[in-house]
Structures are given as C-alpha cells and as structure tokens.
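Notes for the structure review
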Number of protein chains: 2
Amino acid sequence: MTLKRVAEDLNLSITTVSRALNGYPDVSESTREKVREAAQRVGYVPNRLAQALQRGTAEAVGIILPSQFGHFEDPFFLELLVGVGERLHNANLDLVVCAVPEGPAELDAYKRLVEGRRADAVIIARTRRHDERIDYLIGRGIPFVAHGRAETATPIAFIDADARTAFRRSTRRLIELGHRHIALIGAPEELFTAGERRAGYEDALQEAGIAFDPDLYAVTKLNERGGTTAAERLLGAARPPTALLCANDSIALGALRIARRLGIAVPEELSIVGFDDLPMAAQAEPALTTMRQDIRGAGARLADMVCARLGGAAIADLQELLEAPLIERESSGPAP
Amino acid sequence: MTLKRVAEDLNLSITTVSRALNGYPDVSESTREKVREAAQRVGYVPNRLAQALQRGTAEAVGIILPSQFGHFEDPFFLELLVGVGERLHNANLDLVVCAVPEGPAELDAYKRLVEGRRADAVIIARTRRHDERIDYLIGRGIPFVAHGRAETATPIAFIDADARTAFRRSTRRLIELGHRHIALIGAPEELFTAGERRAGYEDALQEAGIAFDPDLYAVTKLNERGGTTAAERLLGAARPPTALLCANDSIALGALRIARRLGIAVPEELSIVGFDDLPMAAQAEPALTTMRQDIRGAGARLADMVCARLGGAAIADLQELLEAPLIERESSGPAP
DNA sequence: TTCATGATCCAAAACGTTTTGGAAAGTGTA
DNA sequence: TACACTTTCCAAAACGTTTTGGATCATGAA
C-alpha cells in the first residue's frame, strides 16, 4: 500500500497525503483527518527504503558480532545487543547486525554496511589498543561509537568501564585482606582494556610497596578455557599466589574449576576475583567476587550516544567512563 | 559515490555502467574492464537502499529478540543469532534485529519490519502453541521461518528439535536406571515445545506401565529461578522424586543448586537431566546430563530455509526435526 | 547496393517517498 | 474594484538504482 494509492482513493495529491501524515501545517484539519483515517483503514505503512533513499539517511545503525567468540563470553554480547536494540527501537532506528568471522572480513562488513548506505553509523565493541576498525571509520568519516577505548590520534566517542580504577580497588582490597602474592590473569594485550586492568593492578601494588612479579602475571583469551590453562600454570608454580585477579568472569570461573580440581579451597586457600558480574557469577560455587558492569545499561547509553552523534553532538561530549564496583561474594577472603 | 558519477567520469551512460558491473552481456569486454577499474578506483559501492527500492525487495530478513528473557536463557538466543547472521551474511542478506519487550509491541515490530519493507521475511523463535505472531504472518502472507513448531491451520516452515523423542528416550533411560519416581519440570504450557516434552515423558512412563502422577509435574519459566522454585516444591514433597527431568538446562542448573542447598547428593540420591546442552552444562558441578541441541547449526539452517523460502521453495520442503541425543554426564545415575 | 544481423550503447521510466516552488481560491483592506 | 495576504492544495524534481525498448553502427550476405 503506497502513498499514491491512498492519494488516489481520496482524490488528493501524493504531496498532500504525505504532508498530512507528517504533520505539516499547510493541510487543513479536515483533510488531515480524512487522510489519517484512510491510511489507517487501508493499513498504509511508509516504505522505509524509499524514505531512507529520499532523506539520504538509512535510519539504521550497524553492529558487527564477531562470530567466533568463545562461548563463555557470549552473555556479554547479547546483553549489550539487547540494551542497544531496545533503545534504538524506541528512537525508531533499525539495528542491522552482521555476524562475520573476525579478521579482514570484519572490516569489509563495516564497509558494506555504511558505504552501501545500509547504516548511518556503527557501534563497535571489544576495542583493541590499535584498532584498524577505528582507523578505518575515522578515515572514512563514518560516525561510530565504541564500547571500549583505543589509542587513537583523534578522540573518539566511547563508553567504557573504568577498569583501571576497579582493578586498583580490588587489588587494594586483597592487600587489605593480607594478600601479598596476588596474581593477575590478564586479557590479550592487544585489547585496550588489558592495559587498563594491568595498570590498575600495578597501581595498587606500587601503592603498597609490593614489586610487580612477572611470574604472577599471565595473559590469556577472555574465556573459560583461558582461565583454566592460566590458573593451572600459576597455581602449579613454586610459590603459588594466594589470590587470583581475573580479567573476566569467564576466566575466573575457569580458575575456580582448576582450584577445585587441584583441591585448593576457595576462599580459604585462594581468593578469586572476576570482572563483569555475569549472571552466572552469582550462581557459581562458591559465588564469585567480581566487579560489576551494567552491560545492558551500557548498551542503552551506547544507543543514546549514537543518536546524539547522528544529531551532531560533539565527540568530546560523548565519552563516558563507568564505575565498576567490587561485589564481594564467597570466592574471596583473608589471606591464608 | 554514485553510479552517475562513475558514468560521468567515463563518459558513459548510467545504464552501461550498471550493466557492466552486473555482468550483462551487452557491454564490451573493454568497457566493462574500464568500468570495473574506475568503480574500484573511486570506491564505488552500490546504494543498497536504492537497489532494494528498485528491486522491490529489501534484501534483508528480520528477527525480534524479546528483550526480557531471563538471563540464563540468553546463550540460546545469541547462538541462534550468530548462526543465522553468519549464514545470511554469506548470502548477502542483512539481518535486521529488533529488541522489543514481549507483548503487543512485538507484533507491532514485525509489522513495521515487513510492511515498512525493511525485511523480506522474518524469523521467529520460541514458538507458542497458539502463536499470534504466526497467525499474523500467515494472515499477511509474509514469508517466515520458525524455530519451533505451532498449532496452525496451514503448515509452516520450521526447524525444531525433536523434543518428544528426546524426552521419551531420557525418561526411558532413567527408568532403565531403576527410577520409578521421575518428576518433570516442564515449560510454560503455552509454548509448543512444552507439550512435546511432556508427551515424550508420558510416552515412556506409559511404556513402562508407570502412571502419570500430577504431583510429579511442575511448570515454570525457562530460567534458573524457575528451576529453583519448582525443584524446591517437588523435593519438599512427602515422597520426593529420585529423578528430575527438566525442560531446560537453565532449569536443571537451578534444580542442581536447590539440591545442593538441601544437602541432596547428585546423582547418588537424585538424578537431574536438562535440555539444550548449553556450554555451561558441561561446566556445572556435577556436570549436567542433558539432551544436546546444535543451536548455532540450527540458526544456520534457519537462514538457509529463509533463503529457500524467498526463492520460492515449498513450505512442505522446509520442515526439519532435529535429533537431540542424550549426553550422559555426572548428574544422572542409578536410582538410590 | 541493400538489408538483415549482432554488437554496443543509451534515454527514460520506474520503485515510493520528501520537498520545492508555486497555483488557486478565499478573505479582508484600501 | 483592486490589492495583498492567508489558506489549502499540487506538479515536478530528486534520491540511486535496474530495466525496458530502442538507437546506432559496423559487418557480412544477398
């Protein structure tokens, strides 16, 4: 059902029907009412493609989901997606999702999305320190908003958890509990957040006068398997740590499993702390101490920021750092 | 960069440029090469909105994600999404995602999506026995594919796990292990799959000459909390069951937690069986016996089916029932 | 020479919308 | 009456693509 048909039914011009429905003042109230009624009756819904073409804007934002995430990271992404999607829907913007394997295909997908005018802006997540996606987007002048920061020449719009502060606070708390041998299972170093987490950890160590010990530092993928292998190595060392700070809840859950397998009591012999506060963190046995991130809320803010960006807001006003408070549960306690 | 600009650069008509790029035979190889080169050089990417408008097809499929799923069900949906998305991307179709709260807004979102020509077809998941979404889509003649079945007057295209067979097999296995008091924590009865699961359970009971006992049947939401409350009630009864068959891994994990809290040993005193084989099922303590569903694979098939449907395939050829084999892990064993 | 044939190319219409720049008719004022 | 203004409407262009239905020209056959 098109505008033309509605216009013909009413013996009006397409122009008038269009303007009646869009609330222009140059159409009389009586015809406007007639048009509304007719449109309603025949079930007229504007063709968004035609609208978009005419307006020169797609009324949509794109997001890529890297399809080979480890399973245990998934809850993070879906939460983000739901947060973003719901808010965008309210703003009458569509969300176009591409699932592509990480790698060159990913960049290509962004290109298709925006240069093919399918999306006006994109959202990217899990930023790397040097992120070719961001370089590309900046180079092309494509509006985007990131979940996570990056090292870029020009500032970008982002929302991110203040992981540095959070990790400093958690480390300090562990020190307060008497721990001196605190290991960090960090994220892959190409991720921006990896540096933040490590920096926070080192900040607290330094404040307490504890030297950073490379043997107490491991790097691994942000999933459960990464947690198991890293924890296995750290806990098998000559002088094993009494506390394990993990970049991620998934990693922490993996560590928890290894501890159980090795017969190490948590938290009596070993404290474990995660990050994200995934729903399953509270369900773990023992319940996981972790730093909380409101992922769905971040998604909603991300959507708001995309709208603001499309509305011409300055990038400087679109940079948010969110608190990640420490939630102490059963997996952490005083040093043995 | 538009077709027009490329044409002007080359002193050719828009028609010729278009036809050159689209491989029509009525353009000479030499000009085709020139056009290709020029398009490449200036970074021409066709405007998909214009293409879509002209072709009368959106080249996209829609999917709704009901935004208030319980957290523990999420992995299911993301897996499905990734499976669908990846395959659609390969078919050069976009995936438009809407996140809306369940309820009337959901139907509205479908309407917007397809009547606004934003999507050519839609995918729906978690079908209900009488599903107003399906009625709507059939009524409007909108192509769709469902993950899950429904009771409809006309046949629909679907892919679904054969839960009835799976539950029959699992129940039979429990009986084989000596269980006679087997409880079922079923899904909300408006879901189509709820009936299937219960039917499979009852089939096996009947085969073994065991009467169905309403006191051993509970219904609950498909999430972890549902599992805890239902299990609490069932296990607190006068003659508690020795085995718990759950509609879902999430429910099973909730039940597992309750058993632990009540000091009931699993599997020595109580066997627990789930459904889905979520990644976390294998990680549970004890590892969960469950029926496996290849969710990502189902997503990929779903995408294939949508393409087939858009290509004019008959609905009768687009109905698939998938095996859900029993994966026996640590949470089930002989009856006490 | 004439005519059909093929090989290349192109103008224009169409998809459904929004917007521009009036036109027509009515109303009040001088 | 003549004029300006307001109200209400509309034709046509535009967005970027695909497709239809030729047009043009060279080639070879009759």
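Residues numbered from 1 in each chain as written. Chains lettered and ligands numbered in written order. Predicted model: local features only at pLDDT ≥ 70, side-chain atom pairs only at ≥ 80, totals over all residues. Heavy atoms only, no water.

When helices and strands are counted, chain A shows 13 helices and twelve strands. Relative to its length of 336 residues, chain A is extended, with a C-alpha radius of gyration of 25 Å against a globular reference of 20 Å. Over its C-alpha atoms, taken along the principal directions, chain A stretches across nearly 90 × 40 × 30 Å. By residue count, 55% of the 336 residues in chain A fall in the buried class. Surface accessibility of chain A: about 14000 Å² in total, with carbon and sulfur atoms responsible for 49%. Of the side chains in chain A, 40 bear a positive and 47 a negative charge, and the two mean positions are spaced by 4 Å. (Helix = DSSP H or I, 4+ residues; strand = E, 2+ residues; numbered from the N terminus. Rg over C-alpha atoms; globule rule 2.2 N^0.38 Å. Buried < 20%, exposed > 50% of the residue type's maximum accessible area, 1.4 Å probe, protein only. Areas by Shrake-Rupley, 256 points an atom, 1.4 Å probe, with all protein chains shown as cover. Lys, Arg positive; Asp, Glu negative; His and termini not counted. Charge placed at Lys NZ, Arg CZ, Asp CG, Glu CD.)

Describing two packed helices takes the angle between their axes plus the distance from one axis to the other. Residues and elements named next belong to chain A. Interaxial distance between helix H1 (residues 3–10) and helix H2 (residues 14–21) falls to 8 Å at its minimum, and their mutual angle equals 105°. Accordingly, the angle class assigned to the pair H1 and H2 is roughly perpendicular. Two secondary-structure elements touch here, H1 through Leu-3, Lys-4, Val-6 and Ala-7 and H2 through Ile-14, Val-17, Ser-18 and Leu-21. Tallied by class, the residues present in the contact of H1 with H2 amount to six nonpolar, one polar and one charged. (Axes fitted to C-alpha atoms, helices over the stretch in contact; angles between N-to-C directions. Parallel < 35°, antiparallel > 145°, perpendicular 65-115°, else oblique. Contact = heavy atoms within 4.5 Å. Nonpolar A, V, L, I, M, F, W, Y, C, P; charged D, E, K, R; others polar.)

What follows is about the relation of the copies chain B and chain A. One copy of the chain maps onto the other through a rotation about an axis followed by a shift along the same axis. The transformation that overlays chain B on chain A combines an axial shift of 0.0 Å with a rotation of 180°, and the residual RMSD is 0.1 Å. These values place the two chain copies in the arrangement generated by a two-fold rotation axis. Residue B:Val96 of chain B places its C-alpha closer to the rotation axis than any other residue of that unit, at 2.2 Å. Taken together, the interface assignments show that 100% of the residues at the interface of chain B recur at the interface of chain A, consistent with an identical surface on both copies. (Least-squares fit on C-alpha atoms with pLDDT ≥ 70 in both.)

This next bit is on the protein's contact with DNA strand C. Lining the immediate surroundings of DNA strand C are 26 residues, of which A:Leu3, A:Ser18, A:Tyr24, A:Tyr44 and B:Thr15 lie closest. In DNA strand C, the atoms that sit within 4 Å of the protein are 62% sugar and phosphate, with bases accounting for the remainder. Between DNA strand C and A:Tyr24 there is a distance of 2.5 Å, counted from a phosphate oxygen to a side-chain nitrogen or oxygen. In the environment of DNA strand C, a base nitrogen lies 2.7 Å from a nitrogen or oxygen atom belonging to the side chain of B:Thr15. (Near = heavy atom within 4 Å. Polar contact = N/O pair within 3.5 Å; in protein donor to acceptor, adjacent residues only side chain to side chain.)

This part covers the pattern of salt bridges. Any two side chains of opposite charge can pair if their charged atoms end up close together. Using the criterion set out here, one finds 62 salt bridges over all chains in the structure. Among the salt bridges present, the one from A:Arg296 reaches A:Glu79, with a minimum N-O distance of 3.3 Å. Here A:Glu79 lies in helix H5 (residues 74–90) and A:Arg296 lies in helix H13 (residues 295–310), a separation of 217 residues in the sequence. Linking B:Arg173 and B:Glu328 is a salt bridge whose minimum nitrogen-to-oxygen distance equals 2.9 Å. With B:Arg173 in helix H8 (residues 163–176) and B:Glu328 in the segment after strand S12 (326–327), this pair connects stretches of sequence that are 155 residues apart. What makes B:Arg173 partly exposed here is its relative accessible area of 26%. Residue B:Glu328 is classed as partly exposed on the basis of its relative accessible area of 40%. (Salt bridge = Lys/Arg side-chain N within 4 Å of Asp/Glu carboxyl O.)

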